[in-house]
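Letter by letter, the chains look like this.
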Amino acid sequence: MGPADADGGWARSSDDVGQRRLSEGALLQGDRKKRRGTIEGLAMSLSIPPMVQKLQTALHAKAKQSPSLRFYALYDKVYRTDVLQYAYARCRANGGAAGVDGVTFEQVESEGVESWLGGLAEQFRNKTYCPQAVRRVMIPKSNGGERPLGIPTVADRVVQMAAVLVLEPIFEADLLPEQHAYRPGRSALGAVIATHKLVNTGHREVVDADLSGYFDSIPHEPLLKSVARRVSDGSMPHLIKMWLQMPVEEEDDRGRRHRTTLPPECVHAEFTNIRHGLVSGGKVTPMSKFPEKYAEYKKSDA
């Protein structure tokens, strides 16, 4: 513990902060590895409430029946009590660390899940909900490098899961059987098994390709157009847009927290879109992409 700083906290060396950040990332990575292979099964094995299942079945059937149909009046389904309760149970099964607000699942449960979910529903009903920043920690990679891990708050995770419960059945109807990634009941292992079957039936060439940093650079406009192709309820794309533009909070080498959102006076032409946040979990931040200008801003702000 070092001497007190001007803000009443404690000064820490950059080595101490860096080591702490790496340690936290390593712990999270270790926890993720231990839970891998069991968490997804646990989350998916949770009993779906009958009314939620009925909603999903109806949405999927309608989407399958009418490939060009655009759905309306979906927003109010997101904050239905049973949908939020199941979304919370799914997120709870996945576990995870606290976000920027420091709130954990244990804290929510000690204060009462029902009233907490009621507060979330009220925010949606009044359209006052606004997502908080994503907390970023660095996860060690096997090659010695690091990769960023974005951690939303528990509240944001729950409402995002609620939106998935409503939207997933619709877009599932449009996917081909050959698509395995990020689909309920499917996984990379399923793709491997399907490929193995094809090899055993005479196919002799397998193309292995990957999109580098895809989730760091998803173009927002085409994505939202894809959503609008099936969803005419304007409140849903608005929700997704807010989540896409959530700012990222991270610590510098001195332990100070910074967010990607910058004040208007700092936004020059080259800072386009940064004042509104970046892709959640992306690698681009004011500190990493514009270090000189960000340093100038922080110096003038000091």
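Structure first, text after, so check above.
A. Main features of helix 7 (residues 113-125). Over its 13 residues, helix 7 runs 18 Å from end to end, which matches the ideal 18 Å to within 8%, given 1.5 Å per residue. When we look at burial in helix 7, the residues that qualify are Trp 116, Leu 117, Leu 120, Ala 121 and Phe 124. Buried residues along helix 7 cover an arc of 140° about the axis, so they all sit on one side. Seen from the open side of helix 7, the exposed residues pointing more than 90 degrees away from its buried face are Glu 114 and Ser 115. In this structure, the buried residues of helix 7 make contact with helix 4 (75-78), helix 5 (81-94), helix 6 (105-111), helix 8 (154-172) and helix 11 (235-244). Looking at the residues trailing helix 7, positive phi occurs at Lys 127, about 55°.

B. Region of the structure containing the side chain of Arg 136. For Arg 136, the position within the fold is in strand 1 (residues 134-140). With a relative accessible area of 9%, Arg 136 lands in the buried category. In this structure the side chain of Arg 136 is engaged in a polar contact, spanning 3.4 Å, whose partner is the side chain of Glu 250.

C. Representation of the pattern of salt bridges in the model. A complete count under the given rule lists 11 salt bridges for this structure. Between Asp 82 and Arg 80 there is a salt bridge, with its nearest N and O atoms 2.8 Å apart. The class of Asp 82 is buried, set by a relative accessible area of 17%. We note a salt bridge from Glu 109 to Arg 92, for which the minimum N-O separation is 2.6 Å. Of this pair, Glu 109 sits in helix 6 while Arg 92 is found in helix 5, placing the two residues 17 residues apart along the sequence. Overall, Glu 109 belongs to the partly exposed group, its relative accessible area being 35%. When salt bridges with common partners are traced through the structure, they connect Arg 92, Glu 106 and Glu 109 into a single cluster.

D. Quick peek at helix 5. Compared with an ideal rise of 1.5 Å per residue, which puts 14 residues at 20 Å, helix 5 spans 20 Å between its outermost C-alpha atoms and is within 8% of the ideal. Among all positions of helix 5, only Asp 82, Val 83, Leu 84, Tyr 86, Ala 87, Tyr 88, Arg 90, Cys 91 and Ala 93 are buried.

E. Highlighting the pairing of strand 1. Of all seven residues that make up strand 1, six are buried, and the element is covered over most of its length. Of the pairings in the sheet, the one linking strand 1 to strand 3 (residues 248-251) comprises two bridges and is parallel in character. Considered in strand 3, the bridge of Val 134 is made with Val 248. Pairing of strand 1 with strand 2 (residues 146-151), which is carried by six bridges, proceeds in the antiparallel orientation.

Calculation criteria
- Residues numbered from 1 in each chain as written.
- Predicted model: local features only at pLDDT ≥ 70, side-chain atom pairs only at ≥ 80, totals over all residues.
- Heavy atoms only, no water.
- Helix = DSSP H or I, 4+ residues; strand = E, 2+ residues; numbered from the N terminus.
- Expected span 1.5 Å × (residues − 1).
- Buried < 20%, exposed > 50% of the residue type's maximum accessible area, 1.4 Å probe, protein only.
- Arc of directions from axis to C-beta.
- Contact = heavy atoms within 4.5 Å.
- Polar contact = N/O pair within 3.5 Å; in protein donor to acceptor, adjacent residues only side chain to side chain.
- Salt bridge = Lys/Arg side-chain N within 4 Å of Asp/Glu carboxyl O.
- Pairing = 2+ DSSP bridges.

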